[in-house]
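Understanding the architecture of this molecule
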Amino acid sequence: MRRLASRLDVTPVKRLGQNFVIDAGTIRRIVSLADLRPADVVLEVGPGLGSLTLGLVGAARKVVAIEVDPVLAAQLPVIVADRAGDLAAGLTVIQADAASIGAVPGAPTALVANLPYNVAVPVLLNLLEILPSIGRALVMVQAEVASRLCAEPGSRTYGIPSVKLAWYGIARRAGLVSRTVFWPVPNVDSALVSFTRHPAGERTVSRQAVFEIVDAAFAQRRKTLRAALAGWAGSADNAERVLREAGIDPALRGEALGVAQYIRIAQATGPTRSIIESWRT
């Protein structure tokens, strides 16, 4: 990996969260835990020098890799062709920012990635939103981020990422990863997060409506929901009215609620929607 980086005149960029996996055992472990099927179309984010990509191209029908670095994006097909031969025909590389990309070809069915640590949460949430075809994922993130993504209501690490990921499906920690498997060695621990999307079904409220309430509830964590949602609802009285309509104690704080309860709050805005919308306008 170091020789390849030197030949390409590539130096890992901290700003882009570039920490490349250099341990073959870790690659095999990730591919195994991802439980890929021969018909899968796998989406990889931040493939870098292709160590994980080489494991994925032999385990799925197709791999779509999103790489923000133009030099690495251009070289990845060459690297894979050199080391995986004909399997490289199943690789598509897109040079783009995965945190803001609006579409991805091929209807990926699984996401498997060593996510850039500085943008892991926005990348994950954006891809799950724009790609409903993704039914499951296995991602490597900073250990602290993994704790937040998988946290349960009421826990110390529970917050906005926990609720928003729960909107899409169920996440659980799938194991720790040693710092020594990366180049350069990061200053933080890493962990794997496994994700399974909720079964497809018609939502009675929009994602935007629910996420707006979640953002307001956690903007001031120490405040009760009655106070925290006052700005969103137009007044504390309006917030309390909606909360009681949803069957939720206004004296609770945002970290006490699960995604199902936030959905109920969004549903309960119906009787007071005109009040809230008139205040906003």
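Located above this text is the structure these notes cover.
What you see is a predicted model; the values in this text were computed from it and never measured. (Residues numbered from 1 in each chain as written. Predicted model: local features only at pLDDT ≥ 70, side-chain atom pairs only at ≥ 80, totals over all residues. Heavy atoms only, no water.)

Thoughts on the packing of aromatic side chains
Working definition: an aromatic ring pair is given by the centre-to-centre distance plus the angle between the planes. The following threshold applies: Stacked, edge-to-face and tilted labels apply to pairs of Phe, Tyr and Trp rings (six-membered ring for Trp) whose centres lie within 6.5 Å, assigned for plane angles under 30 degrees, over 60, and everything in between, in that order. In this text, helices come from DSSP runs of H or I with a minimum length of four residues, and strands from runs of E with a minimum of two, each type numbered from the N-terminal end. Classification of residues uses two cut-offs on accessible area relative to the type maximum, computed with a 1.4 Å probe and protein chains only: under 20% is buried, over 50% is exposed, and between them is partly exposed. In our convention, an over-ring charge means Lys NZ or Arg CZ found within 6 Å of a ring centre and within 35 degrees of that ring's normal.
One pass over the full model with this rule turns up six aromatic pairs. For the ring pair Tyr168 and Phe211, a centre distance of 6.3 Å and an interplane angle of 80 degrees mean the geometry is edge-to-face. Taken together, the residues span a long stretch of sequence, with Tyr168 in helix 7 (residues 160–168) and Phe211 in helix 8 (residues 207–219) at a distance of 43 residues. We note that Tyr168, like Phe211, is buried. Taken together through their ring pairs, the aromatic side chains of Tyr158, Phe218 and Tyr262 make up a single cluster. Between the NZ or CZ atom of Arg203 and the centre of the ring of Trp167, over which it lies, the distance is 3.8 Å.

Digging into the sheet that holds strand 3 (residues 62–67)
Quick reminder of the rule: DSSP-based pairing: two strands are paired if at least 2 bridges between them are found. To obtain an axis, a line is fitted to C-alpha atoms, over the contacting stretch when the element is a helix, and the angle between two such axes runs from 0 to 180 degrees between their N-to-C directions. The contact criterion used throughout is that any non-hydrogen atoms of two residues lie within 4.5 Å.
What the seven strands build is an open sheet, ordered 4-3-2-5-6-9-7; its pairing is mixed. Among the strands making up the open sheet, the edge pair consists of strand 4 (91–95) and strand 7 (169–177). Between one strand axis and the next, the sheet turns by 20 degrees as a mean value, whatever way the strands run. Running at roughly 170 degrees to strand 4, helix 4 (residues 70–84) makes contact with strand 3 and strand 4 of the sheet.

Comments concerning the packing of helix 8 against helix 12 (residues 259–268)
Note the following rule: Note on angle classes: values under 35 degrees are labelled roughly parallel, values over 145 roughly antiparallel, values of 65 to 115 roughly perpendicular, and the remainder oblique. It is the rotation of the near helix from the far one that decides the hand of a crossing: anticlockwise by less than a right angle makes it left-handed, clockwise makes it right-handed. All amino acids are sorted into three groups, where Ala, Val, Leu, Ile, Met, Phe, Trp, Tyr, Cys and Pro are nonpolar, Asp, Glu, Lys and Arg are charged, and the leftover types, Gly among them, are polar.
Running from N to C, helix 8 and helix 12 point in directions that differ by 110 degrees, and their axes come no closer than 9 Å. It follows that helix 8 is roughly perpendicular to helix 12 by the angle criterion. Regarding helix 8 and helix 12, the two cross each other, and that crossing is right-handed. On helix 12, the residues that touch Val210, Ile213, Val214, Ala217 and Phe218 of helix 8 are Tyr262, Ile263, Ile265 and Ala266. Residues that form the contact of helix 8 with helix 12 fall into these classes: nine nonpolar, no polar and no charged.

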